[in-house]
Amino acid sequence: MRSEQKKRPEQKRARERRPHRAPWHGTASKAVLYLLLAVLSIPFVYPTVWMILAAFKPAHEIFATPPTLFPEEWTLDGVSKIFTVTPFARQYLNSLYIAVIVTVVSIVVCALAGYAFARIRFPFRDGLFLVLVSALMVPGEVTIIPIFRWVSQLGWMDTHWPLIILPIFGPQCVVGVFIFRQFFLSLPAELEEAARLDGLGRLGIFARIAFPLAGPAIAAVAIMKFLNSFNMYFEPLIFLRSEEQFTVGLGLTQFQDGYGEPMYSTQIGATALTVIPILIVFLFAQRQFVEGLARTGMKG
Amino acid sequence: MSGRETAATADGGPRRSAARRLARNDAAVGLAFVAPAVIGVIGLGLIPFGYVVWYAFHDWNPLLGEFTWIGFDNFDRLLGDDVVWGALLTTFTFTALLMVLNISLALLLAVLLNQRLRGITTFRALFFSPVIVSTVAWVLIWGYLVADNGGVNGALALVGIDGPNWLRDPNWALVTVVVIQVFKGVGMNMILFLAALQGVPGELKEASRLDGAGAWRTFRSVTLPLITPTILLVSIITMIAAMDVFVPIQVLTSGGPGRETTVISYLLYQTAFRQNDFGYAAAIGVLLFAVTLALTMVQWKWRRRWVHDEV
């Protein structure tokens with residue numbers, strides 16, 4: 001009895017440290033779990049590995065039966081044409097600069113709005129917040145029709161303006177506002193009181209106190225905005241016409257030779273070039289990506 | 001009385017007027033801070049939606065320069081249009097299949113990954129990685145793998161199965177797109193479920209186990225009810241995203257092989273930007289919005305039946 005009592009707190013601590021240990025403690029069940037996870041991960045990992053290797057295959061090997069993972073004959077035929085058949089470098093730069101502008105401006109716009117909704121009392125605050133929430137329900141595929149009309153009236157077809165302005169100010173900004181609002185709600189009020197006593201105005205409090213503390217929210221919004229913009233496909237498809245203006249996503253679907261035949265390994269190599277840099281960043285900042293994007297509930 | 005007033009003026013007056021000044025100032029600053037987002041969302045979301053409704057009552061072909069009021073003609077046409085109803089049915093099938101596969105796989109992965117084992121974070125990253133990859137890239141690569149003589153059929157041939165031409169076979173095209181899309185997005189739902197599972201108090205599971213419940217019984221009766229709020233959230237987000245799926249359809253099948261994968265948003269795109277029938281496309285857009293809204297409200301209303309804890 002006594003020994004049991006003595007043991008109990010210890011057990012409890014062990015449980016707290018490893019709360020989920022119990023069902024998988026045996027070596028055999030551990031092995032089963034690893035095996036199951038390994039099998040399940042195939043469709044998530046194989047396409048990426050295959051893509052990197054297939055870029056170096058001659059066309060006939062890409063569809064070889066039985067399928068091969070490693071090229072039997074390594075060739076640079078495909079990848080060497082990535083930048084020559086279409087202005088792919090230009091398209092890559094287009095996507096990069098658009099994504100950077102969208103990310104930076106979005107952070108400012110969303111942080112300002114999120115801060116005001118969280119910390120400032122102003123007229124119509126709840127009503128305006130409701131306006132933002134309701135806009136989330138409107139699908140972008142639907143509102144593109146009038147926006148298409150305005151863009152052509154403004155003479156902005158085949159320019160990057162709609163691709164920059166829509167993600168920053170359109171309904172897509174709402175999620176960013178939510179993230180910042182959520183973050184600023186948790187900020188202790190004493191910080192602002194102290195800053196106000198020091199004579200800072202609202203803008204000063206925001207710029208010098210609140211915003212610099214918002215690192216996690218900034219990271220979450222930055223990751224979401226950059227990925228969304230860099231991976232954008234629908235809007236470029238609607239607004240862009242000429243190859244030089246294309247973004248990468250659109251460019252990827254354009255790899256054809258002079259006869260309209262698809263250039264397999266070139267397309268696969270170009271796809272790899274757009275995916276791999278992002279995967280590498282993800283490798284180093286996994287936690288920020290996973291936690292940041294989980295806040296957004298973003299759908300791919 | 002007057003003494004009290006003087007005291008108040010001397011004591012709280014300046015502070016109160018300072019507070020009032022600050023409040024007035026706050027009103028202006030607050031409105032200014034939210035202005036870019038609010039004006040943008042109204043101007044690029046709500047007003048365009050109003051225009052879509054307005055356009056739906058017009059015959060509008062920008063190429064011909066037509067824009068004429070035709071009343072409910074577009075909606076009449078909608079009601080009798082088999083292509084639209086077919087696309088709506090395809091959208092429902094797509095959404096239902098995707099939700100079932102995505103949510104059950106996400107839950108399974110979350111349960112498997114909710115262990116403190118070496119290397120578990122690596123697996124978490126592997127399952128999550130397609131989320132950050134662009135949809136175009138993801139479906140392009142899968143398009144190669146599910147081609148008639150691609151890797152999937154090659155692997156099936158090794159075990160003696162003669163696989164179909166997944167995207168060209170009318171029976172398989174939609175399912176194939178769903179599965180590719182599930183692999184793309186399931187990592188996100190997995191993470192949301194994982195967070196919910198980690199919020200389930202260990203004592204409850206322990207208590208259930210002490211009562212003699214097995215692992216499955218504990219999961220079914222303790223864990224699952226406690227994470228129903230997350231399941232509701234995940235199913236609403238997943239549904240809304242599935243209802244207006246576009247990119248995988250456009251890149252993989254262009255709505256084909258016949259019309260088997262023509263979902264509503266793809267039909268809308270074709271009607272507007274390929275056939276220049278913008279008025280009719282607007283009517284289809286109104287339909288898509290109404291259906292999505294109705295389904296979301298149904299899910300929200302039904303939550304009391306199965307969601308454990310009110311959020």
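Residues numbered from 1 in each chain as written. Chains lettered and ligands numbered in written order. Predicted model: local features only at pLDDT ≥ 70, side-chain atom pairs only at ≥ 80, totals over all residues.

You'll find chain B entered in an unreviewed UniProt entry as Sugar ABC transporter permease, with Streptomyces chisholmiae given as the organism. UniProt lists a comment for chain B under the heading Sequence similarities (unreviewed entry), and it reads "Belongs to the binding-protein-dependent transport system permease family." Comment text from UniProt for chain B, heading Subcellular location (unreviewed entry), reads "Cell membrane". (UniProt positions renumbered as here; feature names shortened; annotations may be inferred.)

Looking at an unreviewed UniProt entry, one finds chain A named Carbohydrate ABC transporter permease, with Streptomyces chisholmiae as its source organism. Per UniProt, chain A carries the Sequence similarities (unreviewed entry) text "Belongs to the binding-protein-dependent transport system permease family." Per UniProt, chain A carries the Subcellular location (unreviewed entry) text "Cell membrane".

Quick look at the domain arrangement of chain B
Taken as a whole, chain B is organised into domain 1 (3–40) and domain 2 (76–306). Summarising the inter-unit geometry, the C-alpha centres of domain 1 of chain B and domain 2 of chain B are found 50 Å apart. (Domains from an automatic or database assignment.)

Points about the interface of chain A and chain B
Contact with chain A, which involves 81 residues of that partner, is made by 83 residues of chain B. Element by element, the count of residues in the side of chain A that touches chain B is highest for helix H2 (residues 27–54) of chain A, at 12 residues. Each residue belonging to the side of chain A that touches chain B can be placed in one class, and the counts come to 58 nonpolar, 14 polar and nine charged. (Contact = placed C-beta atoms within 7 Å. Helix = DSSP H or I, 4+ residues; strand = E, 2+ residues; numbered from the N terminus. Nonpolar A, V, L, I, M, F, W, Y, C, P; charged D, E, K, R; others polar.)

Here's the deal with the UniProt feature "transmembrane region" (unreviewed entry) in chain B
Residue and element names in this part refer to chain B. Cross-referencing UniProt, the feature "transmembrane region" (unreviewed entry) maps to residues 29–57, 83–113, 125–145, 172–197, 218–242 and 278–298 in the present numbering. Strand forms 0% of residues 125–145 and helix 90%; the C-alpha atoms that close the span are 22 Å apart. Helix makes up 100% of residues 278–298 and strand 0%. Its end C-alpha atoms lie 30 Å apart.

A word on the UniProt feature "transmembrane region" (unreviewed entry) in chain A
In the numbering used here, UniProt assigns the feature "transmembrane region" (unreviewed entry) to residues 31–56, 96–117, 129–151, 163–184, 205–227 and 264–285 of chain A. Between the end C-alpha atoms of residues 31–56 of chain A the distance is 35 Å, and the span holds 92% helix and 0% strand.

As for unusual backbone geometry
For A:Asp158, which is not a glycine, the phi torsion comes out positive at approximately 60°. Relative to the helices and strands, A:Asp158 resides in the loop between helix H7 (140–153) and helix H8 (161–169). A tally of 14 C-beta atoms within 10 Å means that A:Asp158 is categorised as partly exposed. Phi is positive for B:Ser254, close to 50°, though the residue is something other than glycine. Relative to the assigned elements, B:Ser254 resides in the loop between helix H12 (247–253) and helix H13 (264–274). By C-beta crowding, B:Ser254 is classed as partly exposed, having 13 other C-beta atoms within 10 Å. (Buried ≥ 20, exposed ≤ 12 C-beta atoms within 10 Å, placed from the backbone.)

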